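Coordinate analysis (summary)
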Amino acid sequence: MPKKYFIIIITLFIVSVLIITAVGGYFYVGKYKKAPQKTSLKVIEENGNLPNPIELNLPKDESQYDVIVVGAEPEGVAAARSAAKNDAKVLIIDNHDGPGGLMTYGMLNTIDMSIGPDGTLLTQGTFKEFFKGIGSKNSFDVKKAKEVFLKLLSLPNITQSYNTVFEKPIMNGNKIIGITALKDGKEVNYYGKRIIDATQDASVAASAGVPYTIGAEDMGLKGKVQASTLVFRLKGIDWDNLIKIIKYEKKIPETYINNTSANGFLSITKNYKPSTPMLRLRGLNLGRQDDGTVLVNALLIYGVDGLNQSSIEKGIELAKKELPRIVQFFRENIHGFEKVQLDGTADELYVRETRHIKGYYTLDINDVVFNRDFYDRIAIGSYPVDVQATSPEDTGYVYGKPVEYAVPFRCIVPEKVDNLLVVGRSASYSHLAAGSARTIPIGMAEGDAAGVASAYSIAKDKSFEDIAKNEEDIKNIQSILVSQGAYLKPFKVEEAVEKSWAFDGLKFALRWGLIVPGYTNDYKLDENIKSISFYYMTYKMIERSMPSKQQLLSENSQYLQKYIVDKPLTKEESADILLTYAGYRNEENVNSGDLFKLAYEKGLVSKEAYADVLKSGYVKWQDAYDMTLTLYNYINR
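Turning next to the packing of helix H4 (residues 126–133) against helix H12 (residues 440–460). Here H4 crosses H12 at 130°, and the two axes come no closer than 8 Å. Looking at the two axes, H4 sits oblique to H12. In this structure, H4 uses Thr126, Phe127 and Phe130 to contact H12, whose residues at the interface are Pro441, Met444 and Asp448. Split into classes, the residues belonging to the contact of H4 with H12 amount to four nonpolar, one polar and one charged.

Let us now look at the side chain of Arg438. With respect to the helices and strands, the residue Arg438 is situated in the loop between helix H11 (434–437) and H12. Within the buried set, Arg438 has no salt-bridge partner at all; the shortest N-O distance to an opposite charge, 5.1 Å, is to Asp386. Side-chain polar atoms of Arg438 contact the side chain of Tyr350, separated by 2.9 Å.

Where side chains of opposite charge bring their charged atoms close, a pairing between them can arise. The full count for this structure, using the stated rule, is 25 salt bridges. For Arg325, the salt bridge identified is with Glu322, shortest N-O distance 2.8 Å. Highlighted residues: Arg325 and Glu322, both in helix H9 (residues 309–333), separated by three residues, approximately one helical turn. In this structure, the salt-bridge partner of Lys540 is Glu543, at a minimum N-O distance of 3.1 Å. Of this pair, Lys540 and Glu543 both sit in helix H16 (residues 531–545), three residues apart, which is roughly one turn of the helix. Given a relative accessible area of 23%, Glu543 falls into the partly exposed group. What you see here is one network of salt bridges that share partners, running through Lys244, Glu249 and Lys251.

Of the voids in this model, the second largest pocket is the one considered here, and its volume is about 640 Å³. In terms of lining residues, the second largest pocket is bounded by 26 residues, among which Asn95, Gln200, Asp201, Ser203 and Glu348 are the most central. Where the lining of the second largest pocket is concerned, the elements lending two or more residues are strand S5 (164–172) and H9.

A few words now on helix H3 (residues 74–85). The first and last C-alpha atoms of H3 sit 17 Å apart over 12 residues, in line with the 16 Å expected at 1.5 Å per residue. The element H3 is largely enclosed, with a buried count of 11 among its 12 residues. Among all positions of H3, only Pro74, Glu75, Gly76, Val77, Ala78, Ala79, Ala80, Arg81, Ser82, Ala83 and Ala84 are buried. Asp87, located one to two residues past H3, shows a positive phi value of around 80°.

Turning our attention to the side chain of Thr345. Mapped onto the elements, Thr345 comes out in strand S15 (residues 341–345). Apart from residues lying up to four places away in sequence, Thr345 is in contact with Met107, Leu230, Val231, Phe232, Lys320 and Leu323.

Most of strand S13 (residues 279–288) is tucked away: seven of the 10 residues are buried. Sheet analysis places strand S12 (residues 261–264) next to S13, joined by four bridges and oriented antiparallel. Note that in S13 the partner of Gly264 across the bridge is Leu284. Taken together, the seven bridges between S13 and strand S14 (residues 294–301) define a ladder with antiparallel strand orientation. Its bridge partner being in S14, Arg280 is matched across the sheet by Leu300. What sits between S13 and S14 in their antiparallel hairpin is a turn of five residues, with Gly292 showing a positive phi close to 95°.

Scoring rules and cut-offs
Residues numbered from 1 in each chain as written. Predicted model: local features only at pLDDT ≥ 70, side-chain atom pairs only at ≥ 80, totals over all residues. Heavy atoms only, no water. Axes fitted to C-alpha atoms, helices over the stretch in contact; angles between N-to-C directions. Helix = DSSP H or I, 4+ residues; strand = E, 2+ residues; numbered from the N terminus. Parallel < 35°, antiparallel > 145°, perpendicular 65-115°, else oblique. Contact = heavy atoms within 4.5 Å. Nonpolar A, V, L, I, M, F, W, Y, C, P; charged D, E, K, R; others polar. Buried < 20%, exposed > 50% of the residue type's maximum accessible area, 1.4 Å probe, protein only. Lys, Arg positive; Asp, Glu negative; His and termini not counted. Salt bridge = Lys/Arg side-chain N within 4 Å of Asp/Glu carboxyl O. Polar contact = N/O pair within 3.5 Å; in protein donor to acceptor, adjacent residues only side chain to side chain. 1 Å grid on protein atoms, 1.4 Å probe; cavity = no way out; pocket = protein on both sides within 12 Å on 5 of 7 lines; lining within 4 Å. Points joined across faces, edges and corners; volume = space filled by probe spheres on them. Expected span 1.5 Å × (residues − 1). Pairing = 2+ DSSP bridges.

Here it is, written out as structure tokens:
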């Protein structure tokens, strides 16, 4: 092979590796202690002008169930209880021997709470009942949680069927009218007027023909899903002594602890070297159990296909093999862990992400971060957009911290299939929005709404699609939810950044995951952008949003890699990048020294960005957002 071609190949390989690994390097992560962006929240109406709740009085029908809930996950428990409270005859099935799913069998015992700025719990209803039942603790005892879930389901019109495995839907055209399940080794058909899919993976919806995406597929990253975790249990930790070490002796920096929870330890765990790059030990989330043992959520497992049982089993095996090394590392490196011993693992893997069904509305990252309210709100959240790493090459990122945002009813109404609602982490969210909306309390609020909506649709003989399009029906459902304990107050959040001339560009960049504002929502509008950051912003934009234009990257990467440097970006350099991707590199020589003006004349720089950049000659982040959007529109014109 000629030497020059060998050099080209090696160079392209290095560039591709840089591109893969640069997610944490060329974007900024919100790790700096900056003040949050200016926001103000106002509750618009206490009750949203809701009508008085109506009595549903469902027609009696002994031949079938009114509502079948598939999956006794926390979200399914909420859905079944809510439907039953509204006069529905309910069947809930699950493949486990009891309720609670991820919380009780995956041992995910630390809750990701959504709290308003004034301390109000935003996910009330059934979740609030559960939270009180476990002692109002962020980290709870798993056995206690199972008891609470069983108590929540102990209504006379709820039939519980465990060790019952969903197999397939029973369809009548595009309507789901029941399910086939495996019970005691035999196939059993259950018929219901409405079906609620509360499985982790939207298994009912997918098998019934509802369209969906997987992981980050919606942003051009096929095959990328958030890492899974095997929760494990430790014994030998003196919790009172750990409180003393962390809280008073300050021996473990940037770590928080209370009577049942602790999180942090990152300054220590970042030094752990796993036996394989397919594992990573992140900061520890610890949840104390009533028997003194401690559950640990910390070990990330990459490459697990949560829809493939063999892949799940291999992930569990890989994690279990690593645990003795991790425990030894704890003994040697963490104060208070000197006598710790491994005491078991969860029965199942904590899979963070598989399907995202396509509903009548897909919740977007901009809806979450910019605090959007919807007329058909059924849940309100505020948890940070915490997207765990999708591969060994990235570290996971926080894409913003909302004040409050609403989840619309349309997110749980799937396309293509009637009589079906989907609640939980596989509802209609984008990959990035799911970083917040996938949390269990939000899913339980959706479960409450699904239960009421199912009973309402039966009583009114209306489809979910018709209800989703009728504001009067939505208000009636909201009224019932509020009367039964839900928090659904309309709100308005005013964000200073929304007044920026570059706001559309900012939203575009956030939609494609091109920026990482962190916990403080720092968009750096008036700060100069580095050359490397703009290079990767435009590169990743084309890679993710324009799959048919990938040749632009391969054709120009060798020429543009000179911009992978850590220095402020000048106007001429930004213009060179824009003109090259737009196909005007052959015109640059005759316009040397005036490329920015040429880019403006070609329509690659907006009037606002042009005027802003000319003030200093350097490109700011706000200019970069706007230019990236303009480049996208130009290439796709």
